[in-house]
Amino acid sequence: MPSTPDFLSLLNSSQRQAVQHYCGPLLVVAGAGSGKTRALTYRIANLVLTHRVAPENLLAVTFTNKAAREMKERIEKLFAERTAQEKYGKPLEELAKHEQTKLRSQVYKTITKDLWVGTFHSLCARILRFEIEKYQDSKGRRWQSTFSIFDESDVQSLIKEIVIHQLNLDERKFEPRSVRYAISNAKNQGWSPQDLEREQPNFRGRVIASVYSAYQDALAANNGLDFDDLILVLVQLLQQNEQVLAYWHQRFHHILVDEYQDTNRTQYDLIRLLTTNGTEPQAFKSWAEQNRSVFVVGDVDQSIYSFRAADFKILLDFQQDFGDRLPDDDTRTMVKLEENYRSTENILAAANHLIDNNTERIDKILKPTRPAGAPIQCQRADDEIREAEFVVDQIRSLEQQQELNWGNFAILYRTNAQSRPFEEVLVRWGVPYTVVGGLKFYDRREIKDVIAYLRLIINPADTVSLKRVINTPRRGIGKTTVDRLVQAAQELGVPLWEIIRDETSVKTLAGRSARPIVKFAQMIEDLQAQASSVSASALVQEVLQLSGYTQDLQDQSTDEAEERLANVQELYNAVLQFEEENLEATLNQFLESAALASDLDNLGEGQTAVSLMTLHSSKGLEFPVVFLVGLEQGLFPNFRSLDDPAALEEERRLCYVGITRAQEQLFMTHTRERRLYGSREPASPSCFLEELPKQLLIGNGAGAGQRKTKRAAAKQPFQPALAKASSAPTGDWQVGDRTIHPEFGPGQITHVFGKDDKICLAIKFPNQGQKIIDPRAIALQRVQ
DNA sequence: AGATGACTGTTTTTT
DNA sequence: ACAGTCATCT
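Residues numbered from 1 in each chain as written. Chains lettered and ligands numbered in written order. Predicted model: local features only at pLDDT ≥ 70, side-chain atom pairs only at ≥ 80, totals over all residues. Heavy atoms only, no water.

On to the overall build of chain A. Looking only at helices and strands, one finds 32 helices and 24 strands in chain A. Counted over contacts in chain A with a minimum sequence separation of 6, partners at least 24 positions apart contribute 73%. A total of about 35900 Å² of accessible surface is found on chain A, and carbon and sulfur atoms cover 48% of it. (Helix = DSSP H or I, 4+ residues; strand = E, 2+ residues; numbered from the N terminus. Contact = heavy atoms within 4.5 Å. Areas by Shrake-Rupley, 256 points an atom, 1.4 Å probe, with all protein chains shown as cover.)

In structure tokens form, the structure reads like this:
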């Protein structure tokens, strides 16, 4: 084996430095389009080839399932290519088809199959299927390895039930939505209900903690976990069980994390436990001695998930947390990838210029490697219909004039609701398109119904699923009957299923509905018996037959029912495909992948349709031509961030992400007027448009920024405050200083970002958690 | 038990 | 504007 694998010659020097890194911690600061995916895949290949690391000792965390799949594919290809050269002396392409397939399946068997590549959620779910029965939470709740993964709507209805019926809280004061959000946030901080109560000892915090606790009871009773639990439960298990921790620590010698700027506390805790085995940094055995590494890749400028408790300060602290605490000279534990291979110089200039308005950054500038390219076209339209017409006109004429196909175009927006006018105009012209996000396949009612049957078969404690299907299709089992049975189950402290399967109980409790219930229970038991002997796809077929679901849809014979039927068929196809891709796939594995699937996963490489998606979904993708639409104050940046400097910076990062998706051409549009909740509202151009260099812009909206600035600025609560306070001394703030905030009360400074006119403070408030505050915008009182 | 119609709040982003 | 929820009616 050569000491320097050939693929290294394809890299620039920083990339090579990252790829060749062997042990210890390394932070790769990777700007947009700088080849970070390549760095990640090559490093994995290099570890296996040069350092003889066994694939099963590698753990790579990606942000989406799609990214995981692509990474595995790229690694597979890399190895197949090498073997082709070594064995046959020619490139993989030139081999006969069957030789290629043979090579690839060989690589799959020996390497990629054993790699642990996936999202935090899928990897944790996989580990929990082995380990969860060793877990017990602080209140003694337990789960079994057949646990269901509850989706967001399951969770919402559970919380709602608890808030309104179980704890009889005022629905207006404790909206299930916001309570759900608070609980999710707590879980992402690594807090149990007791921790939450300790962290937020005010009335609201205590009430939410009690909902949280009751919610965990409900989850345990259903043998179910929510998304956040997949990570939190594993972290808590590793914290409480030394043997389990030792095993998994021992297992993963090299841990790689992509999009590290978007990790939350709990995810960080997991990485930390796995890499350090729970010891303090001072007590690490030297990394080299153990041949271990933690390798994270990220870009603070692309941190756009703080609403789901991601915290880019985790990335900023990486070197201090995992480093050797020696003075850093930028080479020891950090590598910067700044050369951009994706976009034209003009696009990069715009991106660099925009992001320079942010204070919370690691200084970094994207260096162009490509020619200037076309200017950025900034267009104003009368309303959202005209905006859509403009965009689609451009797409159609570009597709005609240049050698572009529909798949080369993307329309990116801030909110999912903005897709509609674009869809209408695209349909009108017969342009093929795909909308990513919005209503997902697995969120459709008929799909959720079938999935609920499957969940119930595997996990009979899953009362949420049981209640969903007991009368779907109609079997004459009414709500009152079900309620009575639920009541009985609660009194006995057993899952609803235990009542339903017991004929005597049903007969005494259910009266005239007893007959259909007993029949239903027998059907489920029959399916359960088949589950162990029959393939997943065959079982789906059985469910559709025995439950009468297909029959019911056929009997309706409406257009809607027909579409549902087609979707159900599609689900069956998905199971078949899953079985093909994963030999010996179990039904449970399929359910897991369905629960964690996202819409993005289907967006293929050879896309032949225009892509429509939110800016959030577009992270990690690239398109020759990008349309950034709806650049209006209040929409983008979203109105909820206008009076919060930290939130506004996140919106700006989102805009930066959007701009850097474009390879050749970028269009930015805004409207004069927009429909909102049905009524027309005047709209003014986004402040981000003003922040772009004027000389790079063309189009009728290019100058729109400045004209309205004066009027618009006076209306925004944030800017006058900034102006007023800027005359006051900002003072020298330091970490540890105590202060009083007019709204949030007393707090302590935990971070200082930037200095002078770019200063920003992270302040921890006992009851509000941590906030980023601009001391020039808000009068902070000093406390000695 | 199930259908019909008024009413409400909803829009930020997602694994 | 509109989907989802709730109360009331058959």
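Taking strand neighbours across the sheet as the criterion, the six strands line up as 3-2-6-7-1-8 in an open arrangement whose pairing is parallel. The open sheet has two free edges, formed respectively by strand 3 (116–119) and strand 8 (334–337), since each of these has just one partner strand. When the angles between neighbouring strand axes are averaged without regard to direction, this sheet yields 15 degrees. Bridging between strand 2 (residues 58–62) and strand 6 (residues 254–257) involves four bridges; their strand directions are parallel. Paired with L59 across the two strands is I255, which belongs to strand 6. Sheet contacts for helix 1 (residues 13–20): strand 1 (24–30), strand 7 (293–298) and strand 8; angle to strand 8, the most-contacted strand, approximately 140 degrees. With respect to the sheet, helix 12 (residues 265–276) is in contact with strand 2, strand 6 and strand 7, its orientation differing from that of strand 6 by roughly 160 degrees. (Pairing = 2+ DSSP bridges. Axes fitted to C-alpha atoms, helices over the stretch in contact; angles between N-to-C directions.)

Let us look at the protein's contact with DNA strand B. As a matter of local geometry, DNA strand B sits amid 27 residues, with H121, R414, R474, G478 and R640 nearest to it. Here DNA strand B approaches the protein such that, of its atoms within 4 Å, sugar and phosphate make up 59%. Contacts to DNA strand B include H121, whose side-chain N or O atom sits 3.0 Å from a base oxygen. For DNA strand B, a phosphate oxygen lies 2.9 Å from a polar atom in the backbone of N416. (Near = heavy atom within 4 Å. Polar contact = N/O pair within 3.5 Å; in protein donor to acceptor, adjacent residues only side chain to side chain.)

A one-sided burial pattern is seen for strand 20 (residues 738–741), the buried positions being T739 and H741 and the unburied ones R738 and I740. Where strand 20 and strand 24 (residues 781–783) come together, three bridges link them in antiparallel fashion. Among the inter-strand pairings, R738 is bridged to a residue of strand 24, identified as V783. (Buried < 20%, exposed > 50% of the residue type's maximum accessible area, 1.4 Å probe, protein only.)

Once that is clear, we can look at the pattern of salt bridges. For the coordinates displayed, the defined rule picks out 48 salt bridges. The network of salt bridges with shared partners includes E152, R180, K187, D226, D228 and D229. (Salt bridge = Lys/Arg side-chain N within 4 Å of Asp/Glu carboxyl O.)

With that out of the way, let us pick up the packing of aromatic side chains. The geometry of two aromatic rings is summed up by the distance between their centres and the angle between their planes. Tallying each qualifying case throughout the model produces 17 aromatic pairs. A connected cluster of aromatic rings, assembled from ring pairs, spans W116, F130, Y247, W248 and F252. Over the ring of F312 we find K313; its NZ or CZ atom is 5.8 Å from the centre of that ring. Stacked on the ring of W429, the Lys or Arg R396 has its end atom at 3.5 Å from the ring centre. (Phe/Tyr/Trp six-rings, centres within 6.5 Å; stacked < 30°, edge-to-face > 60°. Lys NZ or Arg CZ within 6 Å of the ring centre and 35° of its normal.)

This paragraph deals with unusual backbone geometry. Cis rather than trans, the peptide bond between T472 and P473 has omega equal to -5 degrees. Among the secondary structure elements, P473 is positioned in the loop between helix 20 (463–469) and helix 21 (479–492). Omega for the peptide link from F636 to P637 comes to 5 degrees, which places this bond in the cis form. Counting through the fold element by element, P637 comes out in the loop between strand 15 (623–628) and helix 29 (645–659). For N291, which is not glycine, the phi dihedral falls at a positive 55 degrees.

Burial of nonpolar side chains together is a common tendency in soluble globular proteins. L230, L238 and Y260 are the most contacted members of the largest nonpolar core, which has 73 residues in total. For this core, the element with the most residues is helix 9 (residues 203–221), which contributes ten residues. Those residues within four positions of L230 in sequence are excluded, and the remaining contacts are H121, C124, A125, L128, F147, I149, L225 and L596. Ranked by size, the runner-up nonpolar core spans 51 residues in total, among them I451, V506, A514 and V568. (Core = buried A, V, L, I, M, F, W, Y, C linked by side-chain atoms within 4.5 Å.)

Attention shifts here to the side chain of D226. Topologically, D226 is positioned in the loop between strand 5 (224–225) and helix 10 (227–240). We classify D226 as buried; its relative accessible area is 0%. A distance of 2.7 Å separates the side chain of D226 from the side chain of Y215, its partner in a polar contact.

Turning next to empty space enclosed by the protein. One pass over the full model with this rule turns up one cavity of 30 Å³ or more. The space that makes up the largest cavity amounts to roughly 50 Å³. For the largest cavity, the full set of lining residues is L59, V61, F120, L123, C124, I127, L234, F252, L270 and L274. Looking at the lining of the largest cavity, the elements that each hand over two or more residues are strand 2, helix 5 (120–131) and helix 12. Among the elements that make up the lining of the largest cavity, the one with the highest residue count is helix 5 (four residues). For the lining of the largest cavity, the per-class residue count stands at ten nonpolar, no polar and no charged. (1 Å grid on protein atoms, 1.4 Å probe; cavity = no way out; pocket = protein on both sides within 12 Å on 5 of 7 lines; lining within 4 Å. Points joined across faces, edges and corners; volume = space filled by probe spheres on them. Nonpolar A, V, L, I, M, F, W, Y, C, P; charged D, E, K, R; others polar.)

Of the volumes computed, that of the second largest pocket is approximately 1200 Å³. Those elements that provide at least two residues to the lining of the second largest pocket are helix 6 (152–166), helix 9, helix 20 and helix 21. Here the element with the most residues in the lining of the second largest pocket is helix 6; it accounts for eight residues. Across the lining of the second largest pocket, the residue classes break down as 13 nonpolar, ten polar and eight charged.

Most of strand 11 (residues 376–381) is tucked away: five of the six residues are buried. Relative to strand 19 (residues 697–698), strand 11 runs parallel, the two being bridged by two bridges. Along strand 19, the bridge assignment pairs Q377 with I698. Relative to strand 16 (residues 662–671), strand 11 runs parallel, the two sharing five bridges. For Q379, the partnering residue across the bridge sits in strand 16 and is T669.

Another aspect to go through is the sheet that holds strand 11. An order of 13-14-12-15-16-11-19 is seen for the seven strands of this open sheet, with the pairing classed as parallel. Of all strands in the sheet, those with a lone pairing partner are strand 13 (433–435) and strand 19, marking the two edges. Taken strand by strand, helix 18 (residues 419–429) contacts strand 12 (409–413), strand 13 and strand 14 (610–614), and its axis lies near 160 degrees from that of strand 13. Seen against the sheet, helix 29 touches strand 12, strand 15 and strand 16 and runs at an angle of roughly 130 degrees to strand 16.

Bear in mind that shape data such as this cannot, by itself, settle questions of function.
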